[in-house]
Amino acid sequence: METKWLRVSAAPDDPEGLERDPAVVEAAAYLRKGELVAFPTETVYGLGGNALDPRAVAKIYEAKGRPPDNPLIVHLADAAQLAAVARSVPKAARRLIDAFWPGPLTLVLPKREGVPLRTTGGLDTVAVRMPAHPAALALLRLAEVPVAAPSANRSGRPSPTTAAHVWEDLAGRIPVLLDGGAATVGVESTVVDVGGDRPVILRPGGIGPEELAEVLGTEVELDPSWSEPVERPKAPGMKYRHYAPEGTLYLVVGDVAAARREILRRAEAERKAGRKVGILTTEEGRSWYPAPFYAVACGRREDLSSVAAALFAALREFDRAGCDVIFAEPFPAAGVGWAVVNRLLKAAGHRVIRV
Ligand code: TXA
Ligand code: MG
């Protein structure tokens, strides 16, 4: 199949212009006829299909090579659309929606019967979010249906934060790629289950646990799968190896200065053994690692949101450079840092070096 690359040209601050934008209009027509569209969101690019059409949803799993028990997130044009997919919305969910939608927050809610089990991986709950991306919202309004969308990468690869990343993974496998520029958040949404006595984060993401706790006025736990391999995590996607570059990645944890010394020592040994070494650092650390080490500056340490925004592109760069082994500096688990550390742990297959 040939993939059409359609570029959004209307300005982001012009919602009506976006609804008339030929690229958005054409992409929405594909969604309405049950076809797939890769589209931008503020977190990562999504691969969308009509969430209520099991045949469209089946195409998503096929294009990604995604395991069938890994449920999809349903994207809404506004909170009013919730009634079409969720049986009920607990009070805590309502408060989070008021505070964070549109935005990188996904809520797990009891599903309505009309939502196919294909969409929810067989679960009787449905994950929903309203993305904070003007072109995505225009597309969702024109599509007139809730849109199921996992990240638009081949299963196991780093999530795509640019249209070019989507192209790398899915060209020839989907009919349409809607290009709306680079994602700004850079890691996926925070997935929260509000169905129990206490809210639990099933996957850390763009919104930190601290921010959720502040709105709810209660502690918000993270499911243990955020940092350790769990056989049956509550978010099924957390059990899969993910984000992995082709080289072997190690995450160093502990004090940053000690981590840099340890990375240099190991990098030198790897180089002597004839392997190409990649290092994931930040602007602040770049000068630590001279050539021939392949150091990628992933944002600025003093601003973790810049690290999150650059993370997946950095992981893809190591593949492009052909690195055999990669060392990643430590990052603090705070705010969006929880998500950064979680993605690095997964990319490393939980290979951790403690200093
Ligand atoms: O930011 C995002 O969330 C992006 C953009 C495209 O919106 N989407 C995304 O989707 O990251 P995906 O499919 O890559 O990740 C969905 C995660 C998986 O870990 C999945 O297991 C979990 O959400 N999930 C989906 N439905 C669930 C449910 N009913 N119960 C528990 N976890 C669920
Ligand atoms: Mg994904």
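1. Describing the packing of helix α7 (residues 163–170) against helix α10 (residues 304–321)
Remark: α7 packs on α10, axes separated minimally by 12 Å, with the N-to-C direction vectors making an angle of 50 degrees. Relative to α10, the element α7 is oriented oblique. Between α7 and α10 lies a crossing whose hand is left-handed. Residues His165, Glu168 and Asp169 of α7 form the contact with α10, whose participating residues are Ala313, Arg316 and Arg320. Residue composition of the contact of α7 with α10, by class: one nonpolar, one polar and four charged.

2. Regarding the site of ligand 1
Taken together, 27 residues lie near ligand 1, and Thr43, Arg66, His75, Ser189 and Gly237 sit nearest. Asparagine 70 is positioned with one of its side-chain polar atoms (N or O) 2.9 Å from an oxygen atom of ligand 1. Contact distances for ligand 1 include 2.5 Å between an oxygen atom and a side-chain N or O atom of serine 189. With the chains in place, 98% of the 680 Å² that ligand 1 exposes on its own is no longer accessible. Here the shell around ligand 1 gets three residues from one element, more than from any other, and that element is strand β6 (residues 125–129). Looking at the shell around ligand 1 residue by residue, the class counts come to 14 nonpolar, eight polar and five charged.

3. Digging into the sheet that holds strand β5 (residues 105–110)
The strand order β1-β8-β2-β3-β7-β4-β6-β5-β9-β10-β11 describes an open sheet built from eleven strands, whose pairing is mixed. At either margin of the open sheet sits one strand with a lone partner, and together these are β1 (4–7) and β11 (221–222). Strands in contact with α7 are β1, β2 (37–39), β3 (46–50) and β8 (176–179); relative to β8, the strand with the most contacts, it is inclined by about 165 degrees.

4. Considering the sheet that holds strand β16 (residues 352–354)
The five strands are arranged β14-β13-β15-β12-β16 in an open sheet whose pairing can be described as parallel. The strands lining the two open edges of the sheet, one partner per strand, are β14 (294–297) and β16. Pairs of neighbouring strands in the sheet enclose a mean axial angle of 25 degrees, with direction left out of account. Note: strand β13 (residues 277–281) against β14, four bridges, orientation parallel. If you follow leucine 280 over to β14, its bridge partner there is valine 296. Taken strand by strand, helix α9 (residues 256–272) contacts β12 (248–253), β13, β15 (325–328) and β16, and its axis lies near 175 degrees from that of β15.

5. Overview of helix α5 (residues 91–100)
Burial in α5 covers these residues: Ala93, Leu96, Ile97 and Phe100. End-on, the buried residues of α5 take up no more than an arc of 100 degrees, which puts them together on one face. In α5, the exposed positions that point more than 90 degrees away from the buried face belong to Lys91 and Asp98. At its buried positions, α5 is contacted by α4 (82–85), β5, β9 (190–193) and α8 (209–216).

6. Description of the nonpolar core
Ranked by size, the top nonpolar core spans 99 residues in total, and within it Leu107, Val128 and Leu178 carry the most contacts. Considering each element in turn, this core owes the most residues, nine residues, to α10. Three or more residues apiece are contributed to this core by two domains, here domain 1 (4–226) and domain 2 (248–354). With near-sequence residues (within four places) excluded, leucine 107 lies in contact with Ala93, Leu96, Ile97, Trp101, Val126, Ala127, Val128, Val192 and Val194. Judged by nonpolar contacts, the second largest core, of twelve residues, contains Ala267, Phe293, Val325 and Ile353.

7. Observations concerning the packing of aromatic side chains
Enumeration over the complete set of coordinates arrives at five aromatic pairs. Relative to tryptophan 338, the ring of tryptophan 226 lies with its centre 4.9 Å away and its plane at 70 degrees, an arrangement referred to as edge-to-face. Linking tryptophan 226 in the loop between β11 and β12 with tryptophan 338 in helix α11 (residues 337–347), this pair joins segments that are 112 residues apart in sequence. Consider the rings of tyrosine 243 and phenylalanine 312, whose centres lie 5.0 Å apart with planes at 5 degrees: the pair is stacked. Of this pair, tyrosine 243 sits in the loop between β11 and β12 while phenylalanine 312 sits in helix α10, and the two are 69 residues apart along the sequence. Comparing tyrosine 243 with phenylalanine 312 shows no difference in burial state: the two are buried. We note arginine 351 situated over the ring of tyrosine 250; from NZ or CZ to the ring centre the distance is 5.9 Å.

About the thresholds
- Residues numbered from 1 in each chain as written.
- Chains lettered and ligands numbered in written order.
- Predicted model: local features only at pLDDT ≥ 70, side-chain atom pairs only at ≥ 80, totals over all residues.
- Heavy atoms only, no water.
- Axes fitted to C-alpha atoms, helices over the stretch in contact; angles between N-to-C directions.
- Helix = DSSP H or I, 4+ residues; strand = E, 2+ residues; numbered from the N terminus.
- Parallel < 35°, antiparallel > 145°, perpendicular 65-115°, else oblique.
- Left-handed = near helix turned anticlockwise from the far one by under 90°.
- Contact = heavy atoms within 4.5 Å.
- Nonpolar A, V, L, I, M, F, W, Y, C, P; charged D, E, K, R; others polar.
- Near = heavy atom within 4 Å.
- Polar contact = N/O pair within 3.5 Å; in protein donor to acceptor, adjacent residues only side chain to side chain.
- Areas by Shrake-Rupley, 256 points an atom, 1.4 Å probe, with all protein chains shown as cover.
- Pairing = 2+ DSSP bridges.
- Buried < 20%, exposed > 50% of the residue type's maximum accessible area, 1.4 Å probe, protein only.
- Arc of directions from axis to C-beta.
- Core = buried A, V, L, I, M, F, W, Y, C linked by side-chain atoms within 4.5 Å.
- Domains from an automatic or database assignment.
- Phe/Tyr/Trp six-rings, centres within 6.5 Å; stacked < 30°, edge-to-face > 60°.
- Lys NZ or Arg CZ within 6 Å of the ring centre and 35° of its normal.

On their own, these measurements won't tell you what the molecule is for.
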